[in-house]
Amino acid sequence: MGRKRGTRVIVAEDRPLTEAEAALAAEAAAYAASDADYTQYEETPGEDDLGPPPTLAEAIAALEACGDAEKALGAAAYHQVDRRYLGVPVPLIEDMARLWRAQATLEERIALADGLWHSDIHEAKIAAAKLLTQARIRPDDAVWRTIADWVPGFDAWAVADHACNAGGRRLAGAPERLAEIETWLDAENIWTRRATLVITLPFTKSNHPDAAEQAARARVLGWCVRLAPDRDWFIQKAIGWWLRELSKHDAEAVRQWLAEHGATLKPFARKEASKYLK
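Residues numbered from 1 in each chain as written. Predicted model: local features only at pLDDT ≥ 70, side-chain atom pairs only at ≥ 80, totals over all residues. Heavy atoms only, no water.

Student: What is the right way to read the overall build of the protein from this model?
Tutor: Looking only at helices and strands, the protein features 14 helices and 0 strands. In sequence order, the secondary structure elements of the protein are arranged as α-α-α-α-α-α-α-α-α-α-α-α-α-α. Carbon and sulfur atoms make up 54% of the accessible area of the protein, which totals about 16,300 Å². (Helix = DSSP H or I, 4+ residues; strand = E, 2+ residues; numbered from the N terminus. Areas by Shrake-Rupley, 256 points an atom, 1.4 Å probe, with all protein chains shown as cover.)

What follows is the structure, given as structure tokens:
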């Protein structure tokens, strides 16, 4: 039996209409009673057109215009990587990238992102990653190839993590890309090795992983075993981070890993991995 929908009663205010309200009411009544084509109420085609995407030079100029010299000095001291800093906060970079994504075709986005990345400006690199951070992109081979080609040049955690966030979105529907990521384990560059764990963090998130996700988790847990003897702080931190995130959804798998391999981690990394284990 269908549900009977209740009647909604609207009670008018007990006061006379103002002159402006009366004019609007009369206009509305005339419009409702007429069959005329009121073209003045139609939206002009292209009225919401955001215009073309920026050129590389225009995008960098937009970032520069939002810069803060004092914040730039602070960022340079904090990140300790020799490149140009503008002092633009990440939320503002995200707003710019969101607009540029809406203005550009996928091919234009990829080209702009790659240009921004290779400008070697800190905020431009972040904008590059944000341009390609999107859950659904089909086809996404060119996006994946662009991000993967950045990985050997990683030289700091901040820009690498933004790029890995974009790259991780490209794994959910294509776990076969783990085969390429696995080759990064043998890289001389510590940031490339670390990226194997940061980019695969999405596989830790599900409470009900399917067979492909379970296989991916098992594979990356094996990578953690391979990386654990590396004494570098950032590698140890990344292992602890990956295990900690997995423990929120599969505590038993992390307990088992720590029981078998926990002694190979530095104490702080073990503590990080077991943070949410009871």
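Student: Any chance you could explain the pattern of salt bridges here in plain terms?
Tutor: Pairs can form between side chains of opposite charge whenever their charged atoms are close. Scanning the model with the defined rule gives 22 salt bridges in all. We note a salt bridge from E64 to R84, for which the minimum N-O separation is 2.9 Å. Taken together, the residues E64 in helix α2 (residues 56-65) and R84 in the loop between α3 (69-79) and α4 (90-103) connect sequence positions 20 residues apart. The class of R84 is partly exposed, set by a relative accessible area of 43%. Residues D155 and R83 are paired through a salt bridge, measuring 2.7 Å at the closest nitrogen-oxygen approach. Here D155 is found in the loop between α7 (141-150) and α8 (157-168), whereas its partner R83 is found in the loop between α3 and α4, with 72 residues between them in sequence. Judged by its relative accessible area of 10%, R83 is buried. Taken together, the shared-partner salt bridges in this structure form one network comprising K205, K237, R244, E245, K248 and E272. (Salt bridge = Lys/Arg side-chain N within 4 Å of Asp/Glu carboxyl O. Buried < 20%, exposed > 50% of the residue type's maximum accessible area, 1.4 Å probe, protein only.)

Student: Looking at this structure, how should I read the environment of Y276?
Tutor: The topology assignment puts Y276 in the segment after α14 (267-273). The partly exposed category is assigned to Y276, whose relative accessible area is 41%. Along the backbone, Y276 and S247 are 29 residues apart, and their C-alpha atoms lie at a distance of 6.6 Å. Leave out the neighbours within four places in its chain, and Y276 touches R244, S247 and K248. (Contact = heavy atoms within 4.5 Å.)

Student: Is there a simple way to think about the environment of W242 in this case?
Tutor: Turning to its location among the elements, W242 is positioned in helix α12 (residues 233-247). Relative accessible area serves as the criterion here: at 0%, W242 is assigned to the buried category. Residues W242 and L197, spaced 45 residues apart in sequence, show a C-alpha to C-alpha distance of 6.6 Å. Filtering out sequence-adjacent residues up to four positions away, W242 remains in contact with L197, T200, L201, T204, R217, V220, L221 and C224.

Student: Is there a simple way to explain the side chain of R217 in this structure?
Tutor: Residue position: R217 is located in helix α11 (residues 211-227). What makes R217 buried here is its relative accessible area of 5%. Excluding residues that lie within four positions of it along the chain, R217 makes contacts with F203, T204, K205, S206, P209, W242, L246, H249 and D250.

Student: Even after reading the chapter, I still don't get the packing of aromatic side chains, so can you show me in this structure?
Tutor: How two aromatic rings sit relative to each other is given by the distance of their centres and the angle of their planes. Evaluated as defined, the whole model comprises 7 aromatic pairs. Measuring from ring centre to ring centre gives 5.4 Å for W233 and F268, while their planes differ by 10 degrees; the resulting arrangement is stacked. With W233 in helix α12 and F268 in helix α14, this residue pair connects regions lying 35 residues apart in the sequence. Residue W233 is classed as partly exposed on the basis of its relative accessible area of 45%. An aromatic cluster is built from W191, W233, F234 and F268, whose rings are joined through pairwise contacts. Stacked on the ring of W117, the Lys or Arg K125 has its end atom at 3.9 Å from the ring centre. (Phe/Tyr/Trp six-rings, centres within 6.5 Å; stacked < 30°, edge-to-face > 60°. Lys NZ or Arg CZ within 6 Å of the ring centre and 35° of its normal.)

Student: Can you help me understand the nonpolar core in this one?
Tutor: A general tendency of soluble globular proteins is for nonpolar side chains to be buried together. One finds L116, F154 and I239 to be the most contacted residues of the largest nonpolar core, which totals 68 residues. One finds A72, V81, Y85 and A156 within the second-largest nonpolar core, a separate group that totals 5 residues. (Core = buried A, V, L, I, M, F, W, Y, C linked by side-chain atoms within 4.5 Å.)

Student: Where do I start with unusual backbone geometry in this structure?
Tutor: Most peptide bonds take the trans configuration, and most residues that are not glycine carry a negative phi. Geometrically, the link from R138 to P139 is a cis peptide bond, its omega value of -5 degrees lying close to zero. With respect to the secondary-structure elements, P139 resides in the loop between α6 (122-131) and α7. In this structure, Q80 is a non-glycine residue whose phi angle is positive, near 55 degrees. If you trace the backbone, Q80 turns up in the loop between α3 and α4. Q80 sits in the exposed class, given a relative accessible area of 69%. Positive phi, normally seen in glycine, also occurs at D120, with a value near 60 degrees. Secondary-structure assignment places D120 in the loop between α5 (106-118) and α6.

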